[in-house]
Amino acid sequence: MTDPHIQAVKNALVATSGGFLRNPVRDGTCARCFTPILNGQFCGKCTYHQVVGRGPELLAMMSYAGYLNPITQSGHTMRGYKNPSIPRSGPWQTVVLLSALGLQAHSYCPGKLLGASVTAWATVPSLPPKQQAHGLNEIARGLTRSPDSEVVLLGSEYVDDPRAVNVNHFSVVAGNPQRRHVLLVDDTWTGGGHVMSAALALRAAGASHVSALVLARWLALGWEATTEKWAREHLTLPDYQADICPWTQGNCP
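Residues numbered from 1 in each chain as written. Predicted model: local features only at pLDDT ≥ 70, side-chain atom pairs only at ≥ 80, totals over all residues. Heavy atoms only, no water.

K.L.:
Any chance you could explain the overall build of the chain here in plain terms?
P.N.:
If you tally the helices and strands in the chain, you get eight helices and seven strands. In terms of C-alpha radius of gyration, the chain reaches 17 Å, essentially the compact-globule figure of 18 Å for 253 residues. Split into buried and exposed, the 253 residues of the chain put 51% on the buried side. Here the contacts in the chain between residues at least 6 apart in sequence split such that 78% fall between residues at least 24 apart. Accessible area of the chain: about 11800 Å², with a carbon and sulfur share of 51%. A gap of 3 Å separates the mean positions of the 20 positive and 16 negative side-chain charges of the chain. (Helix = DSSP H or I, 4+ residues; strand = E, 2+ residues; numbered from the N terminus. Rg over C-alpha atoms; globule rule 2.2 N^0.38 Å. Buried < 20%, exposed > 50% of the residue type's maximum accessible area, 1.4 Å probe, protein only. Contact = heavy atoms within 4.5 Å. Areas by Shrake-Rupley, 256 points an atom, 1.4 Å probe, with all protein chains shown as cover. Lys, Arg positive; Asp, Glu negative; His and termini not counted. Charge placed at Lys NZ, Arg CZ, Asp CG, Glu CD.)

See below:
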């Protein structure tokens with residue numbers, strides 16, 4: 001039986017944001033990040049990630065976002081929710097609901113898939129660090145069922161290429177990831193460099209497993225096989241389906 005709270009989150013997310021959020025597409029996309037590709041199993045970035053080092057063992061994408069029709073509002077939402085000059089209304093609430101769905105309805109899924117329960121969590125901070133706290137961290141702290149299990153990452157002050165994969169881009173400054181399965185949460189995946197670098201930093205600090213939950217995979221026309229035709233054919237319908245597990249893109253494990 002579905003938890004009434006979780007069902008309320010699903011209903012609210014679909015009612016407020018279902019018209020512009022879209023679930024990842026499995027057919028004709030990268031098997032890891034769900035980018036449209038012409039052939040093969042992985043996109044160019046994910047192929048590169050396999051070479052440079054072990055990132056997260058499991059990667060879950062909850063939705064697509066971008067400034068392309070018919071999901072333009074998703075792009076404004078994922079960029080606007082962390083703008084301190086914008087009132088915490090529509091975009092902020094959508095990200096809260098999307099985070100609640102991922103963290104509360106599916107927090108046990110990566111543990112079941114890997115046979116090792118999630119025992120710690122972290123969010124990907126800004127790179128380089130900013131004065132104001134990252135909004136996603138504030139949201140996650142309010143939603144997680146284990147606030148005392150947070151592992152705090154800090155971005156490096158001096159980074160030549162923030163989108164590159166580099167274990168030195170982040171460091172653990174609080175919490176203990178040693179011999180733990182860490183759930184790493186990020187709001188947006190563009191090229192994957194931030195999530196990959198943060199995962200490497202957690203592994204360097206002793207994490208035994210890292211699974212990554214990303215709220216939105218950013219799409220841009222011209223990137224790999226992302227075209228207007230593909231967007232019309234795959235992103236027009238149906239509206240967001242909140243019952244789909246982001247870890248399996250089907251039923252929960």
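Now that the structure has been shown, the text picks up again.
K.L.:
Help me out: how do you make sense of the pattern of salt bridges in this one?
P.N.:
When the charged atoms of two side chains lie near each other, side chains of opposite charge can form a pair. Counted under the stated rule, the structure contains seven salt bridges. Between Lys 10 and Asp 243 there is a salt bridge, with the nearest N and O atoms lying 3.0 Å from each other. Of this pair, Lys 10 sits in helix α1 (residues 4-17) while Asp 243 sits in the segment after α8 (228-235); the two residues are 233 residues apart in sequence, bridging distant segments of the chain. The exposure class of Lys 10 is buried, given its relative accessible area of 11%. Under the relative-accessibility criterion, Asp 243 is labelled exposed at 55%. For Glu 233, the salt bridge is made with Lys 229, and the minimal N-O distance between the two is 2.6 Å. (Salt bridge = Lys/Arg side-chain N within 4 Å of Asp/Glu carboxyl O.)

K.L.:
Explanation requested: the environment of Ala 105 in the structure shown.
P.N.:
Structurally, the position occupied by Ala 105 is in helix α4 (residues 90-105). Taking the C-alpha atoms as reference points, Ala 105 and Met 196, separated by 91 residues in sequence, lie 24 Å from one another. Ignoring anything within four residues of it in the chain, the contact list for Ala 105 reads Ile 6 and Ala 100.

K.L.:
I'm lost on helix α3 (residues 72-80) in this one. Help?
P.N.:
An α-helix turns once per 3.6 residues; consequently, residues spaced three or four apart project the same way. For α3, every residue scored as buried is listed here: Ser 74, Gly 75, Thr 77, Met 78 and Gly 80. For α3, the elements touching its buried residues are β2 (64-65), α4, β6 (181-189) and β7 (209-218).

K.L.:
What exactly am I supposed to notice about the packing of α1 against α4 here?
P.N.:
Packed helix pairs are specified by the crossing angle of their axes together with the interaxial distance, meaning the distance between the axes. With their axes 9 Å apart at the nearest point, α1 and α4 run at an angle of 145 degrees to one another. You can see that α1 and α4 cross each other, and the crossing is left-handed. On the side of α1, the interface is formed by His 5, Ile 6, Val 9, Lys 10, Ala 12, Leu 13, Thr 16 and Ser 17, while α4 contributes Thr 94, Leu 97, Leu 98, Ala 100, Leu 101, Gln 104 and Ala 105. Residue classes in the contact of α1 with α4 are distributed as nine nonpolar, five polar and one charged. (Axes fitted to C-alpha atoms, helices over the stretch in contact; angles between N-to-C directions. Left-handed = near helix turned anticlockwise from the far one by under 90°. Nonpolar A, V, L, I, M, F, W, Y, C, P; charged D, E, K, R; others polar.)

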